[in-house]
Amino acid sequence: MTTNEFPLDDQAWADLETAYGDASEIPSLLRQLGEGDFANAIAELWSGLCHQGDVYSASLAAFPHLVRIAAARTDEHWIEVIHLASAIEMGRQQQALTADPGYQTAIDGALSLCARRIAEPLPDAWEAVLPAAITSFRGYGQAASLIFQLGEIVENGPDEFPEILLPVFQKA
C-alpha cells in the first residue's frame, strides 16, 4: 500500500507502526492539527512519528497529510508542521526507506509550500527550520540536520553546542 492510499478514515492505520505500537490514533491527531488542540497533537505526533529521529511506517503514511495540513494553515503553526514533516524526511533518508510515488508527490508539495512562504516573517526560534526543511526535502538530510543544529546554537547560545560540531571548532 502506498502513502497516498491512506485516507484518515482508513482502518489500515491500525496495521501501521509508530514508536509506541499501532498507528490507530494518528488520524485523530492529524485532524487535531487542523481544527483541535494543536499543541497536544503536534507533541503526540512528534513522539509517535519521529521518536529520536527514528521514523516508522505510520510516519511515511502521515507525511502527505502533514504537508497538506501545513499548506492549509494560515497561522504561524504551519512552520511547526513542516518542521515535523522535514524531520520525518530526514529520518527516512537516514534509514534508507523507499519513498513511493505518493510520498514523492508530497515532497514536491512541501518544496512548493516552502518556496511560496519563504519571504514570510518567522518567529526567531523558527528561522532555521525553513532552510533546513528545504534542504531535507531536496534530499540532503544530513546537511538539514546540521542547519537545525546551527539554528539551535543561535537560539540557545554556545552552551547548547551540538557534539557533532565539536571536532570542527576545538583547537588542536
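Residues numbered from 1 in each chain as written. Predicted model: local features only at pLDDT ≥ 70, side-chain atom pairs only at ≥ 80, totals over all residues. Heavy atoms only, no water.

Caption draft 1: The arrangement of the packing of helix 4 (residues 77-94) against helix 5 (residues 101-117) in detail. Where helix 4 contacts helix 5, the axes come no closer than 12 Å and their chain directions differ by 140°. Viewed along their axes, helix 4 and helix 5 adopt a mutual orientation that is oblique. Crossing geometry of helix 4 relative to helix 5 is assigned as left-handed. Touching Trp 78, Ile 82, Ile 88, Glu 89 and Arg 92 of helix 4 are Tyr 103, Ile 107, Leu 113, Cys 114 and Arg 117, all from helix 5. (Axes fitted to C-alpha atoms, helices over the stretch in contact; angles between N-to-C directions. Helix = DSSP H or I, 4+ residues; strand = E, 2+ residues; numbered from the N terminus. Parallel < 35°, antiparallel > 145°, perpendicular 65-115°, else oblique. Left-handed = near helix turned anticlockwise from the far one by under 90°. Contact = heavy atoms within 4.5 Å.)

Caption draft 2: Quick peek at the packing of aromatic side chains. A full pass over the atoms with the stated rule returns three aromatic pairs. Geometrically, the ring pair formed by Phe 63 and Tyr 103 is stacked, given 4.3 Å between the ring centres and 25° between the ring planes. Here Phe 63 is found in helix 3 (residues 57-72), whereas its partner Tyr 103 is found in helix 5, with 40 residues between them in sequence. A connected cluster of aromatic rings, assembled from ring pairs, spans Phe 63, Tyr 103 and Phe 137. (Phe/Tyr/Trp six-rings, centres within 6.5 Å; stacked < 30°, edge-to-face > 60°.)

Caption draft 3: Representation of the side chain of His 83 in the model. Residue placement: His 83 occurs in helix 4. Among all residues touching His 83, those that are not within four sequence positions of it are Trp 46, Trp 126, Val 129 and Phe 148.

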